[in-house]
Amino acid sequence: MTSQSGSDSDSFSSDYSEVDSDSSSGSKKPQIPKVIANYMLETTLGSGYSGSIFRARHIHNGNVVALKIQDVDHECPTNRFERYLYPLLQGGKGMPTLYSAGVQGPWDFLVIDLLGPSLDNLYRKSGKDVMDIGSVCSIAMQLISRLECMHNRGVLHRDIQLGNCVVGLPPNEKTIYMIDFGFSKRYIDENGRHIPDSRERRDFIGNYWFSSVNVHCRGRVPSRRDDLEAAALMFIHLLTPRGLSWTRNGVPKTSQAHDLLIEEKRRARPEDLCRGLPVEFEDFLRYTRKLKFDQKPDYETWVQVFQDLATEHGYSGHEDLIWPPEPPVVRVQLSSGKHLLIRDAAPTSIPPRDEMHDILAKLTNLNLQAFARPVLADRTNAARNMNIVAPVSKEKSFGKPLAPPPISIGSETTQTSDNSLPQRRSKGRLIADLTTKLSATTNTTELAGLVKEFSQALRLNSSRTLVKEASNFLEVLQNQLNGSSLPTMAGRTRSFNEQPREPARAKLGVVARLRYDVSTARNSKVLAGYISDFVQVTHRSVGRNITKDGFAFLDGLASRLVALPQ
Ligand SMILES: Nc1ncnc2c1ncn2[C@@H]1O[C@H](COP(=O)(O)OP(=O)(O)OP(=O)(O)O)[C@@H](O)[C@H]1O
């Protein structure tokens, strides 16, 4: 039994008229009445394998709802299952309200909140090949939270797909709602026990595109981890040109085609699926696949990871799904120390680090006086209020003044304590430059200065992730302290994911201990050992976040380097 992501129709399509619910079968079915449970059916919103859904209006109070209707004898009585599960989910954010449910004649019906288009509709109608990273992060934050809510109430969704995530109608159009609990199931029994796992291969339930490898390819029992894995695959799909490879040929029409799809999905390695994407998506997919059958996922941390990722890419980091998406904001530091916030007029889905660096470098060379168009306010006022001294480019112009003007100007004055940090550059590039400097010195005082700058660079935005460039920096530092030769370029490009990944046993206590140990290190080799421990433990932690203790460790490292004999 499967359901397809491509099955939801373009909603709000046709006027309702009495219809034969199953004309293809040849058997004469009773027509759907015009009124069910005091609701007048108006238009068809969608129809799936198991029934149809209508926009309907209460004949007395005029309330408009969605009414899901199914033949009471349907071979897969999903409405009956939903009727049982909906009450468990009531009141949860993004869980539709169930107003009424029952059987009228041969019809099993559910009356729920009328909601907006599905992510599938939004995505397809956008005409874009991929979604922007900000929207995918918002979807990730919301979907992980929805799953947390459902799981906390003892329910698995088991059919995560774009068509089953819909946005609300205004004023809730930024909130994602879960729908279609026809395949959902309680995973906690009445005695509070988790359902048992089984090695026996079971019939597949879910959807072809996003169901997890364990469930779809190995016939395992679905549990919380599989809802999350499906979510991970969905995020990756949205960021991949033309989507995940096994979705490109459409729904398999033969069992042989289905077997091929299963094989392709099973073989796809996370690093291949996520090539070119921010590493967080690969990490998330790997994380979901490492969860044990009955393990509770760490939802909160992953919401935080995607929030940080969004802010790192110039988005607000708010979970609200703003559609159509707003372009990301690029922050440029002016010579006066003020910041200029510029909306990138043509948002890219994922600006690669190097490209971002180029954009920022070019922006800093712009002669802002050339932007004569008023922006939010009179330009001169804005400049006076912000105390902007427009930098004049001394370098060759890289073209005509760029057409898209800034949309908004912020007057943020936040600065790091060290003004020498050229903040206009991306964090990754900045750290890469520090690494180059690092590799040219073994003087411990200079190394200490670079470690300080490194620590500040890591705090440049709200993301506290140990980014790839940061790992390289620490690797080079270790080499310098060990007195070994400098790492080659191969070392610089090594992916996190090639690092041995041990079970997540990173303990906050380890970093806390390192923080104190570092102040007592007697020589540079011991320091190098502590750095190695620090990198390993951070890599093994969820989201690779650098904690307060982590920053204290780096500060302690800088101080200790100064104290070491030359
Ligand atoms: N509450 C709602 N408000 C507005 N539209 C809805 C609502 N619920 C469902 N729809 C639309 O109807 C489509 C089908 O709904 P749903 O998935 O619940 O039905 P289904 O019969 O179980 O479908 P499938 O067989 O595809 O899983 C959705 O993709 C969505 O476009």
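The protein chain is annotated in an unreviewed UniProt entry as CK1/CK1 protein kinase from Coprinopsis marcescibilis.

Caption draft 1: Quick look at the pairing of strand 5 (residues 64-71). Judged by how many residues are buried, strand 5 sits mostly within the fold: seven of eight residues are covered. As paired elements, strand 4 (residues 51-58) and strand 5 share six bridges and run antiparallel to each other. Bridge pairing in strand 5 places isoleucine 53 opposite lysine 68. Counted along the chain from strand 4 to the antiparallel partner strand 5, the turn is five residues long, and its residue glycine 62 has a positive phi close to 75°.

Caption draft 2: Spotlight on the pattern of salt bridges. A complete count under the given rule lists 21 salt bridges for this structure. Residue arginine 55 pairs with glutamate 42 through a salt bridge whose shortest N-O separation is 3.0 Å. Of the two residues, arginine 55 is situated in strand 4 and glutamate 42 in strand 3 (residues 39-48); the sequence distance between them amounts to 13 residues. Arginine 55 sits in the partly exposed class, given a relative accessible area of 24%. Accessibility expressed as a relative area gives 22% for glutamate 42, which makes it partly exposed. Residues aspartate 517 and arginine 513 are paired through a salt bridge, measuring 3.5 Å at the closest nitrogen-oxygen approach. Linking aspartate 517 with arginine 513, this pair stays in helix 16 (residues 508-517), spanning four residues, or about one helical turn. Taken together, the salt bridges that share partners define one network made up of Arg269, Glu271, Asp272, Arg275, Glu282 and Arg286.

Caption draft 3: Fine view of unusual backbone geometry. Of the consecutive residues proline 170 and proline 171, the connecting peptide bond is found in the cis state with omega at 10°. In this fold, proline 171 is placed in the loop between strand 9 (165-167) and strand 10 (176-178). With an omega of -5°, the peptide bond running from tryptophan 323 to proline 324 counts as cis. Of note, the phi angle at asparagine 38 is positive, near 70°, even though the residue is not glycine. Along the chain, the position of asparagine 38 falls in the loop between strand 2 (35-36) and strand 3. With a relative accessible area of 36%, asparagine 38 lands in the partly exposed category.

Caption draft 4: Representation of the nonpolar core within the structure. Phe235, Phe281 and Phe306 are the most contacted members of the largest nonpolar core, which has 70 residues in total. Of the residues forming this core, the biggest block, 11 residues, is contributed by helix 3 (residues 133-152). Among the domains, domain 1 (35-113) and domain 2 (117-313) are the pair contributing at least three residues each to this core. In contact with phenylalanine 306, other than residues within four places in its own chain, are Cys137, Ala140, Met141, Ile144, Glu280, Phe281 and Phe284. Ranked by size, the runner-up nonpolar core spans 38 residues in total, among them Leu447, Ala470, Tyr530 and Phe553.

Caption draft 5: Just the packing of aromatic side chains, in detail. Taken as a whole and judged by the stated rule, the model has 12 aromatic pairs. Seen in terms of ring centroids, phenylalanine 235 and phenylalanine 284 are 6.0 Å apart; in terms of plane orientation they differ by 15°. Their pairing is stacked. Of this pair, phenylalanine 235 sits in helix 5 (residues 224-239) while phenylalanine 284 sits in helix 8 (residues 279-290); the two residues are 49 residues apart in sequence, bridging distant segments of the chain. Exposure remark for phenylalanine 235: the relative accessible area of 0% places this residue in the buried category. Since its relative accessible area comes to 1%, phenylalanine 284 is described here as buried. One aromatic cluster is present, formed by Phe235, Phe281, Phe284, Tyr287, Trp302 and Phe306 through successive ring pairs.

The rules behind the values
- Residues numbered from 1 in each chain as written.
- Predicted model: local features only at pLDDT ≥ 70, side-chain atom pairs only at ≥ 80, totals over all residues.
- Heavy atoms only, no water.
- Buried < 20%, exposed > 50% of the residue type's maximum accessible area, 1.4 Å probe, protein only.
- Helix = DSSP H or I, 4+ residues; strand = E, 2+ residues; numbered from the N terminus.
- Pairing = 2+ DSSP bridges.
- Salt bridge = Lys/Arg side-chain N within 4 Å of Asp/Glu carboxyl O.
- Core = buried A, V, L, I, M, F, W, Y, C linked by side-chain atoms within 4.5 Å.
- Domains from an automatic or database assignment.
- Contact = heavy atoms within 4.5 Å.
- Phe/Tyr/Trp six-rings, centres within 6.5 Å; stacked < 30°, edge-to-face > 60°.

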